[in-house]
Protein chains: 2
Amino acid sequence: MTQQRSSPPASRATIEDVAAAANVSVATVSRALRGLPNVAASTRSRVVEVAGQLNYQADPAARRLATGRSHAIAVLVPFVNTWYCAEVMAGVEAVCAEAGYDMVVIALRAENGDRRPIDGTEALHRRVDGIVVVDVALEPAELDEMISRGLSVVSIGPPLPGCASTGIDDVAVGRMATEHLLGLGHHRIALIGDTTDTVFGFMVPTMRQQGYEAALNAAGVELDDELIVDGSFTVQGGAEAFDQLMALDDPPTAIFAIGDIMALGAMQRARELGIDIPGDLSIVGVDDQPVAEVLGLTTVHQDVAEHGARVARWLVDLLRDDDHSVERFIAPITLVERTTTAAPATVVVG
Amino acid sequence: MTQQRSSPPASRATIEDVAAAANVSVATVSRALRGLPNVAASTRSRVVEVAGQLNYQADPAARRLATGRSHAIAVLVPFVNTWYCAEVMAGVEAVCAEAGYDMVVIALRAENGDRRPIDGTEALHRRVDGIVVVDVALEPAELDEMISRGLSVVSIGPPLPGCASTGIDDVAVGRMATEHLLGLGHHRIALIGDTTDTVFGFMVPTMRQQGYEAALNAAGVELDDELIVDGSFTVQGGAEAFDQLMALDDPPTAIFAIGDIMALGAMQRARELGIDIPGDLSIVGVDDQPVAEVLGLTTVHQDVAEHGARVARWLVDLLRDDDHSVERFIAPITLVERTTTAAPATVVVG
DNA sequence: TTGAAAGCGCTAACAG
DNA sequence: CTGTTAGCGCTTTCAA
């Protein structure tokens with residue numbers, strides 16, 4: 001088809017070519033180009049010059065073999081096409097590009113109802129120096145395997161034992177959102193959560209719900225199981241959850257959706273049904289995705305790309321042996337009040 | 001900090017260990033494990049067995065050095081945290097995982113107002129066997145450089161000279177959306193486009209606009225420059241574009257937003273202003289992002305993940321020398337009619 | 001400050 | 001069908 005394979009792979013200059021052209025040994029070229037000490041200034045400049053002329057670039061494969069370091073890191077995500085993961089990857093990629101690391105992404109697809117195991121034997125073995133684990137509860141055995149293979153691992157989300165990690169306090173998220181609603185005067189507050197994950201050990205929904213319950217308890221509001229429904233962490237699921245809630249004999253006056261995306265589905269459904277927000281019903285989400293701003297959704301904000309950038313920096317430091325001492329960093333969250341929450345409509349008591 | 005670096009990198013079994021344990025030469029181990037012919041069945045099974053016991057896994061770095069192939073591909077994206085790019089990456093990643101390739105992602109950030117040049121000298125040199133270029137107009141010199149370095153390149157979006165590529169017919173997209181509106185009886189149709197890219201050579205907005213203009217011309221509707229506004233390909237931009245349109249003396253009865261995301265901003269603004277959709281105004285988008293479905297947005301659908309999967313398959317074929325003959329595949333698009341478009345309100349002519 | 005040479009772990013002729 | 005051996009291109013002691 002294309003002409004791409006017709007031209008030979010353009011044999012490139014090797015370190016020997018540079019050595020010959022600069023009249024030095026390959027060892028000297030290696031030292032000079034890597035900025036090591038013990039190279040005469042004049043020698044170095046000559047080598048650099050020659051290397052430039054020959055358009056020389058060290059072969060990473062050879063370097064990897066000789067040094068045992070790949071200068072690559074992997075980011076392990078449950079999915080690649082979600083807003084959250086894309087943000088994380090963006091953060092990681094930026095740091096990698098800066099630090100001269102390759103970022104290879106590995107998605108943990110589920111196969112026959114089970115998560116694909118990371119036997120390390122596969123995509124990880126000797127391919128990368130470190131891993132960024134994103135919101136995946138690794139089996140202890142998997143983690144051990146990785147570490148025993150010399151991989152440095154950092155994590156976003158759950159605190160992997162022995163690994164530096166960052167994340168937000170998801171219980172606090174639930175509490176913050178619920179308290180906001182409580183503060184507005186709501187008592188009948190529903191939760192649109194997610195119970196679909198049986199594969200990745202995704203604890204976030206559970207924790208946010210804990211915060212919700214804690215806030216309710218603290219306020220002396222009795223829990224009502226009917227008010228806790230599943231939204232599958234999808235727009236569609238949020239809409240369906242909304243229907244379920246509105247079909248209740250005593251529907252809620254406020255909804256806490258544990259993700260913007262589900263809040264979005266609920267809002268849309270509300271509009272279709274002619275339910276005014278926040279007049280008839282308040283809604284608050286979590287994440288502060290771009291769409292939240294334009295929809296005026298009140299939500300709990302977190303800076304996801306920064307999570308990625310942060311752990312990537314840690315990882316790079318770790319790999320450079322610049323020891324640092326952070327074990328876990330709880331990233332800040334903030335409530336962004338917009339226009340989907342208000343005091344409940346005053347009920348005229350007859 | 002963590003205990004990760006305390007244990008030695010767990011020296012792993014090499015091919016020699018396996019050879020010794022199986023009482024054969026390393027060459028035989030290599031052949032046996034790679035499934036090459038000319039290995040006695042009994043020998044092969046013994047080698048496989050021993051390799052398993054030793055938990056042996058060939059070192060990719062050594063293999064790369066010996067064969068000259070990295071078994072990795074790069075995906076070159078303008079950004080990593082956009083819906084479109086995330087979908088593409090998802091498609092590419094799935095194929096890579098299946099075919100045993102690493103996917104490394106490289107974002108083309110802009111620096112001091114200019115796109116970071118891909119001198120190949122950087123992140124690409126000898127690191128990957130091939131590249132998936134996503135919606136980036138590479139300089140001819142950059143492309144030549146890549147090909148001369150032996151890289152196979154395929155592209156999504158613009159048809160790179162000499163490279164297999166896929167994409168949609170963006171002129172047809174513009175025409176399809178506009179004709180839909182025209183068919184409904186609209187004559188005053190606005191376009192929310194994007195003129196912000198000065199860096200990546202992004203031709204999509206221009207082409208969709210061409211389709212829009214062609215459809216209007218074909219229908220004998222005169223173009224009105226006032227109806228063509230910029231939406232910056234963001235939700236916010238779409239909202240602002242909407243304001244601009246509504247401020248016109250003779251506002252449109254329908255809007256074609258060249259991306260769902262901008263349509264979304266426009267819809268939100270319409271709601272805030274009490275403009276009924278589709279009663280007062282029709283809106284059609286492009287992409288069919290998940291959010292489009294729940295909002296009931298009429299839009300031009302394309303399967304973006306499949307674009308990624310498709311070119312990734314081509315690339316893998318190319319790298320395996322399974323020559324195939326596709327030069328360019330125009331992926332299908334379909335109009336998904338939902339609830340944001342309808343016939344224009346009948347104007348009672350006094 | 002520099003050079004020689006021994007690997008790193010694998011693949012790929014080339015013999016046998 | 002199997003073994004020997006020469007690289008692949010770089011880093012890194014160890015000497016000089």
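Residues numbered from 1 in each chain as written. Chains lettered and ligands numbered in written order. Predicted model: local features only at pLDDT ≥ 70, side-chain atom pairs only at ≥ 80, totals over all residues. Heavy atoms only, no water.

Colleague: With reference to specific residues and values, describe the protein's contact with DNA strand D.
Modeller: By nearness alone, 26 residues border DNA strand D, and I15, S30 and Y56 of chain A together with R31 and T43 of chain B come closest of all. What you see for DNA strand D is that sugar and phosphate hold 66% of its atoms within 4 Å of the protein. At 2.9 Å from a phosphate oxygen of DNA strand D is found a main-chain nitrogen or oxygen belonging to S25 of chain B. Between DNA strand D and T28 of chain B, the relevant distance is 2.8 Å, taken from a phosphate oxygen to a side-chain nitrogen or oxygen of the residue. Contributing elements (two or more residues each) for the surface near DNA strand D: α2 (26–34) and α4 (60–67) of chain A together with α2 (26–34) and α4 (60–67) of chain B. In terms of residue class, the surface near DNA strand D is made up of 12 nonpolar, nine polar and five charged. (Near = heavy atom within 4 Å. Polar contact = N/O pair within 3.5 Å; in protein donor to acceptor, adjacent residues only side chain to side chain. Helix = DSSP H or I, 4+ residues; strand = E, 2+ residues; numbered from the N terminus. Nonpolar A, V, L, I, M, F, W, Y, C, P; charged D, E, K, R; others polar.)

Colleague: Go over the sheet that holds strand β14 (residues 334–336) of chain A, please, and point to the residues and values.
Modeller: Residue and element names in this part refer to chain A. Here six strands make up an open sheet; going across it, the order is β9-β8-β10-β11-β12-β14 and the pairing mixed. Two strands close off the open sheet at either side, each with one partner strand: β9 (228–230) and β14. Here the average twist between neighbouring strands, direction ignored, is 20°. Here four bridges tie strand β11 (residues 282–287) to strand β12 (residues 298–301), and the two strands are oriented parallel to one another. Each bridged residue has a counterpart across the sheet, and for G285 the counterpart in β12 is T299. Sitting on the sheet, helix α10 (residues 260–272) touches β8 (189–193), β10 (254–257), β11 and β12, and the angle it makes with β11 is about 155°. (Pairing = 2+ DSSP bridges. Axes fitted to C-alpha atoms, helices over the stretch in contact; angles between N-to-C directions. Contact = heavy atoms within 4.5 Å.)

Colleague: Quick rundown of the packing of aromatic side chains? Include the residues and the values.
Modeller: All names here are of chain B. Taken as a whole, this structure holds four aromatic pairs over all chains when the rule is applied. With centroids separated by 5.4 Å and ring planes inclined at 80°, the aromatic side chains of F79 and F200 adopt a geometry described as edge-to-face. Of this pair, F79 sits in the loop between β1 (72–77) and α5 (83–99) while F200 sits in the loop between β8 (189–193) and α8 (204–218), and the two are 121 residues apart along the sequence. For F79, a relative accessible area of 41% puts it in the partly exposed group. (Phe/Tyr/Trp six-rings, centres within 6.5 Å; stacked < 30°, edge-to-face > 60°. Buried < 20%, exposed > 50% of the residue type's maximum accessible area, 1.4 Å probe, protein only.)

Colleague: Can you explain the UniProt feature "domain: HTH lacI-type" (unreviewed entry) in chain A? Please cite residues and give values.
Modeller: Within this numbering scheme, the UniProt entry marks residues 13–67 of chain A as carrying the feature "domain: HTH lacI-type" (unreviewed entry). Helix makes up 69% of residues 13–67 of chain A and strand 0%. Its end C-alpha atoms lie 20 Å apart. (UniProt positions renumbered as here; feature names shortened; annotations may be inferred.)

Colleague: Got a sec to walk through the domain arrangement of chain A? Specific residues and values, please.
Modeller: All names here are of chain A. Domain boundaries in chain A define domain 1 (15–168 + 304–331) and domain 2 (170–301). Taking only C-alpha atoms into account, the centre of domain 1 sits 38 Å from that of domain 2. The partner domain 2 presents 12 residues to the 12 residues of domain 1 that form the contact. Summed over both sides, the interface of domain 1 with domain 2 buries roughly 950 Å², with 67% coming from carbon and sulfur. Interface area lost by domain 1 to domain 2 is led by W83, D135 and I168, which between them contribute 55%. Along the contact surface separating domain 1 from domain 2 lie zero salt bridges. The tally of links from domain 1 across to domain 2 stands at two residue pairs in polar contact (both at pLDDT 80 or more). Split by residue class, the side of domain 1 that touches domain 2 holds eight nonpolar, one polar and three charged. (Domains from an automatic or database assignment. Buried area = accessible area lost by both parts, 1.4 Å probe. Salt bridge = Lys/Arg side-chain N within 4 Å of Asp/Glu carboxyl O.)

Colleague: Pulling in residues and values, what's your account of the pattern of salt bridges?
Modeller: Pairs may arise between side chains of opposite charge once their charged atoms sit close together. According to the stated counting rule, one finds 24 salt bridges over all chains in the structure shown. Among the ionic pairs, R338 of chain B bridges to D288 of chain B, the shortest N-O distance being 2.5 Å. In this pair, R338 of chain B is assigned in the segment after β14 (334–336) and D288 of chain B in the loop between β11 (282–287) and α11 (290–295), connecting sequence segments 50 residues apart. Here E306 of chain B makes a salt bridge to R313 of chain B, at a shortest N to O gap of 2.6 Å. Given the relative accessible area of 26%, E306 of chain B is considered partly exposed. Owing to a relative accessible area of 37%, R313 of chain B belongs among the partly exposed residues under this scheme. The network of salt bridges with shared partners includes R64 and D102 of chain A together with R127 of chain B.

Colleague: Describe helix α6 (residues 140–148) of chain B, with residues and values.
Modeller: Residues and elements named next belong to chain B. Within α6 the residues assigned to the buried category are E142, L143, M146 and I147. Along the axis of α6, the buried residues cluster in a sector spanning 130°; they form a single face. Opposite the buried face of α6, at more than 90 degrees from it, the exposed residues are P140, A141 and D144. (Arc of directions from axis to C-beta.)

Colleague: Would you mind going over the side chain of T340 of chain B in detail, with residue names and values included?
Modeller: Residue and element names in this part refer to chain B. Tracing the chain through its elements places T340 in the segment after β14. Here the side chain of T340 touches I283 through a polar contact of 2.6 Å, landing on its backbone oxygen. Leave out the neighbours within four places in its chain, and T340 touches M267, I277, P278, L281, S282, I283, L295, G296, L297 and T298.

Colleague: Lay out the side chain of D287 of chain B in plain terms, naming residues and giving numbers.
Modeller: Residues and elements named next belong to chain B. Relative to the assigned elements, D287 resides in strand β11. There is no salt bridge for the buried D287, and the closest opposite charge comes from R208, which lies 4.5 Å off by N-O distance. Among residues more than four places away in sequence, those in contact with D287 are W83, D260, T299, V300, H301 and Q302. (Lys, Arg positive; Asp, Glu negative; His and termini not counted.)

Colleague: Tell me about the nonpolar core, and please be specific about residues and values.
Modeller: I192, F256 and I283 of chain A together with I192 and F256 of chain B are the most contacted members of the largest nonpolar core, which has 91 residues in total. Residues in contact with F256 of chain A, not counting those within four places in the same chain, are V173, G174, A177, T178, L181, A190, L191, I192, R208, Y212, V284 and V286 of chain A. V77 and V92 of chain A together with Y101 and A312 of chain B belong to the second largest nonpolar core, which has 62 residues in total. (Core = buried A, V, L, I, M, F, W, Y, C linked by side-chain atoms within 4.5 Å.)

Colleague: So what's going on with the packing of α2 of chain B against helix α3 (residues 41–53) of chain B? Residues and values would help.
Modeller: Relative placement of two packed helices is described by the angle separating their axes and the distance separating the axes. Residue and element names in this part refer to chain B. The N-to-C vectors of α2 and α3 enclose an angle of 90°; their axes lie 9 Å apart at closest approach. Overall, the two elements α2 and α3 adopt an arrangement that is roughly perpendicular. On α3, the residues that touch T28, V29, R31, A32 and L33 of α2 are T43, R44, V47, V48 and A51. The residue makeup of the contact of α2 with α3, split by class, is six nonpolar, two polar and two charged. (Parallel < 35°, antiparallel > 145°, perpendicular 65-115°, else oblique.)

Colleague: With reference to specific residues and values, describe α2 of chain A.
Modeller: Residue and element names in this part refer to chain A. The set of residues buried in α2 consists of T28, V29 and A32. Relative to the axis of α2, the buried residues are bounded by an arc of 100° and lie together on one face. In this fold, the buried residues of α2 make contact with α1 (15–22) and α3 (41–53). G35 lies just past α2 and shows a positive phi near 75°.

Colleague: How would you explain the sheet that holds β8 of chain B if you had to name every residue and give the values?
Modeller: All names here are of chain B. Across the sheet, six strands lie side by side as β9-β8-β10-β11-β12-β14; this open sheet has mixed pairing. In this open sheet, the two strands that pair with only one neighbour each are β9 (228–230) and β14. Mean inter-strand twist for the sheet, computed between neighbouring axes without regard to direction, equals 20°. Against the sheet, α8 makes contact with β8, β9, β10 (254–257) and β11, and its axis sits at roughly 170° relative to β8, the strand it touches most.

Colleague: Can you break down the protein's contact with DNA strand C residue by residue, with the values?
Modeller: The environment of DNA strand C is made up of 26 residues, and the closest members are R31 and T43 of chain A together with I15, S30 and Y56 of chain B. Counting only the atoms of DNA strand C within 4 Å of the protein, the fraction contributed by sugar and phosphate is 67%. For DNA strand C, a base nitrogen lies 3.4 Å from a polar atom in the side chain of R31 of chain B. For the surface near DNA strand C, the elements supplying multiple residues, two or more each, are α2 and α4 of chain A together with α2 and α4 of chain B. Among the residues making up the surface near DNA strand C, the classes are represented as 12 nonpolar, nine polar and five charged.

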